[in-house]
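What follows is each chain in one-letter form.
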Amino acid sequence: MAAQIWGSEKRARRRREISAKIAQMPELHDSKPLPFMTREEKIMESARKLTILTEKMGQIIDPTDPAELYHLNNEVLGLEGNPMALHGVMFIPALSAQASDEQQAKWLPRALRREIIGTYAQTELGHGTNLQNLETTATYDLATQEFVLHTPQITALKWWPGNLGKSSNYAVVVAHMIIKAKNYGPHPFMVQLRDEKTHEPLPGITIGDIGPKMAYNIVDNGFLGFNKYRIPRTNLLMRHTKVEADGTYIKPPHAKINYSAMVHVRAYMLTGQAIMLASALNIATRYSSVRRQGQIDKSQPEVKVLEYQTQQHRLFPSIARAYAFQFAGAETVKLYEHVLKEMKSGNVSLMADLHALTSGLKSVVTYQTGEGIEQARMACGGHGYSMASYISEIYGVAIGGCTYEGENMVMLLQLARYLVKSAALVKSGQSSKLGPLVAYLGVKSEPTSLIDRIPNSGFTEYVKTFQHVSKRQTLKAADMFFGLMEKGEKREIAWNKCSVELNRASRLHTRLFIVEAFVRRVNEIADIRIKEALTDLLHLHVNYELLDIASYALEDGFLSASQLDYIRDQVYLYLGKIRPNAVSLLDSWEFSDIELRSVLGRRDGNVYENLFKWAKSSPLNKTDVLSSVTQYLKPMMEKARL
Ligand SMILES: CCC/C=C/C(=O)SCCNC(=O)CCNC(=O)[C@H](O)C(C)(C)COP(=O)([O-])OP(=O)([O-])OC[C@H]1O[C@@H](n2cnc3c(N)ncnc32)[C@H](O)[C@@H]1OP(=O)([O-])[O-]
Ligand SMILES: Cc1cc2nc3c(=O)[nH]c(=O)nc-3n(C[C@H](O)[C@H](O)[C@H](O)COP(=O)(O)OP(=O)(O)OC[C@H]3O[C@@H](n4cnc5c(N)ncnc54)[C@H](O)[C@@H]3O)c2cc1C
C-alpha cells in the first residue's frame, strides 16, 4: 500500500531508509517537544537542524530528488516551517521557470548550494489577490540602465512572504514595471536585500518579521519596503519577457506566464495537504483504537471508541479523501511537469487548462483537508485539544492553504471562468472543441442515475452521476450569467451576482475530477489485496461524496429518494467493511513517530504513560509554586482573608 501512496516500491523503500537513518541521528531530533518552545527557540532549533542537514544531507538522501528532500524536511524540520521553506518552494522554482539561461547560470548554482537564501515577495499590505493593483513600482532609468524599486506608500509594503523577515538575503520581488511612463504590469525581479557578509539590510531597504500567526510560526513571514532602491536592468527575470538597454519591451508568449511560481505551488501543495490530512487521521485513528469509553453491549467491557459508528463516520470518509487527494495530486504534478517543459520551449497552449485545474483543486482540497483535520481533533475528545495531540498545529498549518497561493473563493472563480467559456461552447454547438477535462459537459446524460440498478458497473454509474450534477450546475450558473447580460447587466456586475452559483459549479467539477482520479488509480492496481482494500475505500468515497452533494441530483430527479437510501446504506456498509483495515490504511503512509510529533498518535499506543510524562515536562511544572502566584495570587488571597 505504501508503494501506491508514494508512487512506487522504490519510493516507499527509500522513505523507510531515510526515516531509519534519521532515527539514528539524535542531533536531527527535536531537543524538546515543540509545543513547549517559544517562537524564538523554535526558530533557533530549526536553524540548528537545517545547518546540520546542509552538511549531512548527502549521507541521508539524494539531494537532487525533490521527493526525498520533502520527506527529509518533514521528518527533521517538521510542518511548522523552517528558515528556508520558501527558498525551495518558490524562490528556486521561480528562478527555474522565469530566469533566462544566463541568469540561471549566475544565480541558481548559488541558490542550490545554499550560498544565498531567497524567497518570493509578491503580496503587499494592501493587495494579495488583485495582482493588477500591487503598488510597488520598478521604474526603468534609461540613463543608468537600472530599475528603481520603490514603495510609494504603506499599503505597498510587501507583507507575508515566508522567510522574508529575517532569514532571506535575496528575493524574487514582483513589482509593476514602468518604462518611459508606461506601466507594463507586474513582473518578477531578482533583488538582493541584505549584505552577504553582515546580513544587514542594504541601504534603501526596510525589512522585518510580521509577528506571530495562527501557525507556521517557525517561518519569519516578513514585510519589505524600498526607498528608490536600484537594481541592474538584467535583474528582471528574462526567460519570457525582455527589456533591452534602450527600454524596448519584448512581451511574453502568454500574458500570465509570470504567474508560474504560483501554479507550481498550487500543483505541489495537493499532496502536501493529503499528507497533513493523513497525519491527523493517523493520530486520531490510532488513538481511537487505544481509547476505551463506554459499552455498546452492556454485558461486554468498554469498547475502543473506534467501534462507534459515529466515530467511523467522522474519520473514515476523510481517510478516503486523503487517498483521493494523494492520487489526484500525483496526477496534477505530472501534468504540471509536462506543461512546464512545454512552456519553457515556448508552447503555452496547456497553461489555461492547468491553471483552471489547479485553481479548483487547491481550493477544494485545502478546504476538505481542514474539515477532516478538525474532525480528527474532535474525534480525540479532550486529549485532541491538548498540544500533545499535535493535531491543532497540523490544522493551523494546513488551513493556511485555504488562503495562500490564492484565496479559495477567488481561485474557484478562476476555474468558473474556464467552465463558463466551456458552457458557451456547448451552447453554441461546438462541444467538439471542449478540452478533455470538460468533455463531459457536451455529452447528453441519461434521464436518471442507474447507480443502484447497475451496482457492479466499476464505478461508471457513479462517475456519470457526478458528471450529470457538475454539468447541470455549470450550465445553470452559466445560463444565469448569460441571462443577466442579455438583460443589460454589465459583465462584471452579472458575474458578481452569479458568483455563489459559479463557485458551486467549480466545486462540483473539482470533486468529479478527484473521484475520477481515484477510480483511474484503483483500476491500474494489479495486486488483488491492495485493490480490494482501496476499492472499499473508493466505495465509501463515492457514496459519501454523493450524499454530500445529493441536493443537486435530487432537485431535477436524477436521483430518487430511494436511491438516496441506497447510497446511505452503502456508506454504512463500507464504514463497517473498512473498520478492520482503518489503522493499517493510515499506518501504510509510514509516518514515523519523529515526523508525527504526537503523544496521542504514538505507534506503540502507549498513550497514557507518555501523556503524563509530557505534562510533567511542561516548564510550568519546574517549580511547585509559580512567581505569578507569589507575586499576585497569594497576596490577593491573603488580602481577602484579612
Ligand atoms: C508555503 C506557502 C507559500 C505561499 C506563497 C504565496 O502565497 S505567494 C502569493 C500567491 N498569490 C496569489 O496566489 C494571488 C492570487 N491571485 C492571482 O493569482 C491573480 O490575481 C488571479 C489569477 C486571481 C487573477 O489574475 P489577473 O487579474 O491577472 O487575471 P484575470 O482574473 O483578469 O484573468 C485573466 C485571464 O488570465 C488567466 N490566468 C490567470 N492566471 C493564470 C495562470 N496562472 N495561468 C494561465 N492563465 C491564467 C485567467 O484564466 C483569465 O483567462 P480568461 O478567462 O480571460 O481566458
Ligand atoms: C501562511 C501564509 C503564507 C504566505 N506566504 C506568502 C509568500 O511567501 N509570498 C507572498 O507573496 N505572499 C504570501 N502570502 C500571502 C497570500 O498569498 C495572500 O494572503 C493570499 O493570496 C490572499 O490575498 P489577500 O490576503 O489579499 O486576501 P483578500 O483578497 O484581501 O481576501 C479577503 C476576502 O476577500 C475576498 N475577495 C478578494 N477578491 C475577491 C474577488 N475578486 N472576488 C470575490 N472575492 C474576493 C476573498 O475571497 C476573501 O474572502 C501568504 C499568506 C499566508 C496566510
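The protein chain goes by Acyl-coenzyme A oxidase in an unreviewed UniProt entry, where it is assigned to Caenorhabditis briggsae. Quoted verbatim from the Sequence similarities (unreviewed entry) heading of the UniProt record, the comment on the protein chain is "Belongs to the acyl-CoA oxidase family." Under Subcellular location (unreviewed entry), UniProt gives the following word-for-word description of the protein chain: "Peroxisome".

A separate point is the site of ligand 2. Taken together, 19 residues form the shell around ligand 2, and within it Tyr120, Thr123, Gly128, Thr129 and Glu407 come nearest. Interatomic distance of 3.0 Å between a backbone N/O atom of Tyr120 and a nitrogen atom of ligand 2. Note that an oxygen atom of ligand 2 is positioned 2.5 Å from one of the side-chain N or O atoms of Thr129. Here ligand 2 loses 63% of its free accessible area of 970 Å² to cover by the protein chains. Take the shell around ligand 2: its biggest share by element is three residues, from helix 12 (residues 408-427). Broken down by class, the residue content of the shell around ligand 2 amounts to nine nonpolar, eight polar and two charged.

It is worth spelling out the sheet that holds strand 8 (residues 222-226) at this point. Ordered by their spatial adjacency, three strands build an open sheet running 4-8-7, and the pairing between neighbours is antiparallel. On the outer flanks of this sheet lie strand 4 (158-159) and strand 7 (205-209), each paired with one strand and no other.

Per the UniProt record, "active site" (unreviewed entry) is annotated on Glu405. With respect to the element layout, Glu405 can be found in the loop between helix 11 (391-400) and helix 12. Leaving out residues up to four positions away in the same chain, Glu405 has contacts with Met90, Met262, Val265, Arg266, Met269, Lys362 and Met411.

Another point: the UniProt feature "domain: Acyl-coenzyme A oxidase N-terminal" (unreviewed entry) in the protein chain. UniProt feature "domain: Acyl-coenzyme A oxidase N-terminal" (unreviewed entry): in the numbering of this structure it lies at residues 1-117. The span residues 1-117 carries 68% helix and 0% strand; its end-to-end C-alpha distance comes to 37 Å.

Thr129, Gln132, Lys256, Tyr259 and Lys421 are the nearest of the 23 residues found near ligand 1. Gln122 is positioned with one of its side-chain polar atoms (N or O) 3.3 Å from a nitrogen atom of ligand 1. With the chains in place, 80% of the 1100 Å² that ligand 1 exposes on its own is no longer accessible. Going through the elements one at a time, helix 7 (260-288), helix 9 (351-378) and helix 12 are the ones with two or more residues in the shell around ligand 1. Among the elements that line the shell around ligand 1, the one with the most residues is helix 12, at four residues.

So, on to the packing of aromatic side chains. Counted according to the given criterion, the structure contains 15 aromatic pairs. An angle of 50 degrees between the planes, with centres 5.1 Å apart, marks the rings of Tyr140 and Phe147 as tilted. Take Phe147: its relative accessible area is 0%, and that puts it in the buried class. The rings of Trp6, Tyr323, Phe327, Phe518, Trp589 and Phe591 are connected pair by pair, giving a single aromatic cluster. Its end group placed over the ring of Phe513, Arg520 keeps NZ or CZ at 5.6 Å from the ring centre. Here Lys616 stacks its cationic end above the ring of Phe612, 4.2 Å away from the centre of that ring.

Right, let's get into the nonpolar core. By size, the foremost hydrophobic cluster in this structure holds 102 residues, and its most contacted members are Phe316, Tyr323, Leu534, Leu537 and Trp589. Among the elements that make up this core, the one with the highest residue count is helix 7 (11 residues). Split by domain, this core shows at least three residues from each of two domains, domain 1 (2-82) and domain 3 (259-425 + 467-585).

By convention, interface size is frequently given as the accessible area that disappears when the constituent parts associate. Under the domain assignment, the protein chain is made up of domain 1 (2-82), domain 2 (116-252) and domain 3 (259-425 + 467-585). In this structure, domain 1 and domain 2 have C-alpha centres spaced 31 Å apart. Contact residues are listed per partner, giving eight residues for domain 1 and 10 residues for domain 2. Note on domain 1 versus domain 2: buried area summed over both sides is about 740 Å², and carbon and sulfur give 55% of it.

A word on a nonpolar patch on the surface. Among the surface-exposed residues, Tyr632, Leu633, Met636 and Met637 lie close enough to one another that they form a single nonpolar patch of about 430 Å² accessible area. Among the structural elements, Met637 can be located in helix 22 (residues 627-641).

The next subject is the packing of helix 8 (residues 309-344) against helix 18 (residues 561-578). In the contact formed by helix 8 and helix 18, the axes pass within 10 Å of each other and the chain directions differ by 85 degrees. Viewed along their axes, helix 8 and helix 18 adopt a mutual orientation that is roughly perpendicular. Facing Gln309, Gln312, His313, Phe316 and Pro317 of helix 8, the residues of helix 18 in contact are Val571, Tyr572, Leu575, Gly576 and Ile578. Broken down by class, the residue content of the contact of helix 8 with helix 18 amounts to six nonpolar, four polar and no charged.

What counts and how
Residues numbered from 1 in each chain as written. Chains lettered and ligands numbered in written order. Predicted model: local features only at pLDDT ≥ 70, side-chain atom pairs only at ≥ 80, totals over all residues. Heavy atoms only, no water. UniProt positions renumbered as here; feature names shortened; annotations may be inferred. Near = heavy atom within 4 Å. Polar contact = N/O pair within 3.5 Å; in protein donor to acceptor, adjacent residues only side chain to side chain. Areas by Shrake-Rupley, 256 points an atom, 1.4 Å probe, with all protein chains shown as cover. Helix = DSSP H or I, 4+ residues; strand = E, 2+ residues; numbered from the N terminus. Nonpolar A, V, L, I, M, F, W, Y, C, P; charged D, E, K, R; others polar. Pairing = 2+ DSSP bridges. Contact = heavy atoms within 4.5 Å. Phe/Tyr/Trp six-rings, centres within 6.5 Å; stacked < 30°, edge-to-face > 60°. Buried < 20%, exposed > 50% of the residue type's maximum accessible area, 1.4 Å probe, protein only. Lys NZ or Arg CZ within 6 Å of the ring centre and 35° of its normal. Core = buried A, V, L, I, M, F, W, Y, C linked by side-chain atoms within 4.5 Å. Domains from an automatic or database assignment. Buried area = accessible area lost by both parts, 1.4 Å probe. Patch = residues over 30% accessible without salt bridge, like charges linked within 9 Å, V, L, I, M, F, W, Y side chains within 5 Å. Salt bridge = Lys/Arg side-chain N within 4 Å of Asp/Glu carboxyl O. Axes fitted to C-alpha atoms, helices over the stretch in contact; angles between N-to-C directions. Parallel < 35°, antiparallel > 145°, perpendicular 65-115°, else oblique.

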